[in-house]
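# Survey of secondary and tertiary structure
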Amino acid sequence: MADRLTPERRSWNMSRIRGKNTKPEMLVRRFLHAKGYRYRLHGMASGGKLPGRPDLVFASRRKVIFINGCFWHFHECRVGQHAPKANADFWETKRNTTRKRDAEQRLQLEASGWDVLTLWECELKNLTRLEHRLDEFLSAG
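Below is a short write-up of the structure. (Residues numbered from 1 in each chain as written. Predicted model: local features only at pLDDT ≥ 70, side-chain atom pairs only at ≥ 80, totals over all residues. Heavy atoms only, no water.)

### What about empty space enclosed by the protein?
Using a probe with the size of a water molecule, rolled over the atoms, empty space left in the structure can be pinpointed. Within the structure shown, the criterion is met by 1 cavity of 30 Å³ or more. Taken as a whole, the largest cavity spans an internal volume of roughly 50 Å³. Together, Leu-119, Glu-123, Arg-129, Leu-130 and Arg-133 line the largest cavity. Grouping the amino acids of the lining of the largest cavity by side-chain chemistry returns 2 nonpolar, no polar and 3 charged. (1 Å grid on protein atoms, 1.4 Å probe; cavity = no way out; pocket = protein on both sides within 12 Å on 5 of 7 lines; lining within 4 Å. Points joined across faces, edges and corners; volume = space filled by probe spheres on them. Nonpolar A, V, L, I, M, F, W, Y, C, P; charged D, E, K, R; others polar.)

Spelled out as structure tokens, the structure:
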């Protein structure tokens, strides 16, 4: 199916997609704050910025959480596996680069002694499972 938008309009739409304060991130932040957890935002720890700039940083626990969009970070789910047909080579390169960068940043954090949890956008639909996963991650030694 051909894109119904002009290249200029598509470019404008894509430029409005942001990496901070997204709906999935805000959902997790509100949820954790209501449960009494306190955190720093966007990779800030007392020593400066962390690799990959995690969405949530629990410095005293040495734990970080990334909240990733399935499409942008190439998740294994249906949304993450959807490949745009327009400019396919560009998107494949971009998404593979993102996946590789995510893995490298995770390794850097783990090598520095941080525990890392990645939450995917598709996983946020089941709030009971999300609550269990977050409690398990944050309460573990």
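### Comments concerning the pairing of strand S5 (residues 63-68)
Where burial is concerned, most of S5 is hidden: 6 out of the 6 residues are buried. Residues of S5 alternate between two faces, with Lys-63, Ile-65 and Ile-67 on one and Val-64, Phe-66 and Asn-68 on the opposite face, all of them buried. Alignment of strand S4 (residues 56-58) against S5, held across 3 bridges, turns out to be antiparallel. If you follow Val-57 over to S5, its bridge partner there is Val-64. Counted between consecutive antiparallel strands, the loop separating S4 from S5 contains 4 residues, among which Arg-62 sits at a positive phi close to 55°. Bridge count between S5 and strand S6 (residues 115-120): 6 bridges; the pairing is parallel. When the sheet's bridge partners are listed, Asn-68 is paired in S6 with Trp-120. (Buried < 20%, exposed > 50% of the residue type's maximum accessible area, 1.4 Å probe, protein only. Helix = DSSP H or I, 4+ residues; strand = E, 2+ residues; numbered from the N terminus. Pairing = 2+ DSSP bridges.)

### Looking at the sheet that holds S6
Sheets are built from strands paired through backbone hydrogen bonds, the pairs being either parallel or antiparallel. The 4 strands are arranged S1-S4-S5-S6 in an open sheet whose pairing can be described as mixed. Edge positions in the open sheet fall to strand S1 (40-41) and S6, since each of these has one partner strand only. In this sheet, S4 lies alongside S1 in antiparallel orientation, the contact comprising 2 bridges. In the strand pairing of S4, Leu-41 is matched with Leu-56.

### Things to note about the environment of Val-116
With respect to the helices and strands, Val-116 occurs in strand S6. The residues contacting Val-116, other than those within four sequence positions of it, are Val-64, Phe-66, Arg-106, Leu-109, Glu-110 and Phe-137. (Contact = heavy atoms within 4.5 Å.)

### So, helix H2 (residues 23-34)
Three- or four-residue spacings in an α-helix give side chains the same orientation, since the helix completes a turn every 3.6 residues. When the terminal C-alpha atoms of H2 are compared, their 17 Å separation across 12 residues agrees well with the 16 Å that a helix rising 1.5 Å per residue should span. Among all positions in H2, only Pro-24, Glu-25, Val-28, Arg-29 and Leu-32 are buried. Angularly, the buried residues of H2 cover 130° about the axis, an arc narrow enough to put them on a single face. Away from the buried face of H2 by more than 90 degrees, exposed residues Lys-23, Arg-30 and Ala-34 are located. In this fold, the buried residues of H2 make contact with S1, S4, S5, S6 and helix H5 (127-139). Immediately downstream of H2, the backbone of Gly-36 shows phi near 95°, a positive value. (Expected span 1.5 Å × (residues − 1). Arc of directions from axis to C-beta.)

Limitation: the analysis is restricted to geometry and does not speak to function.
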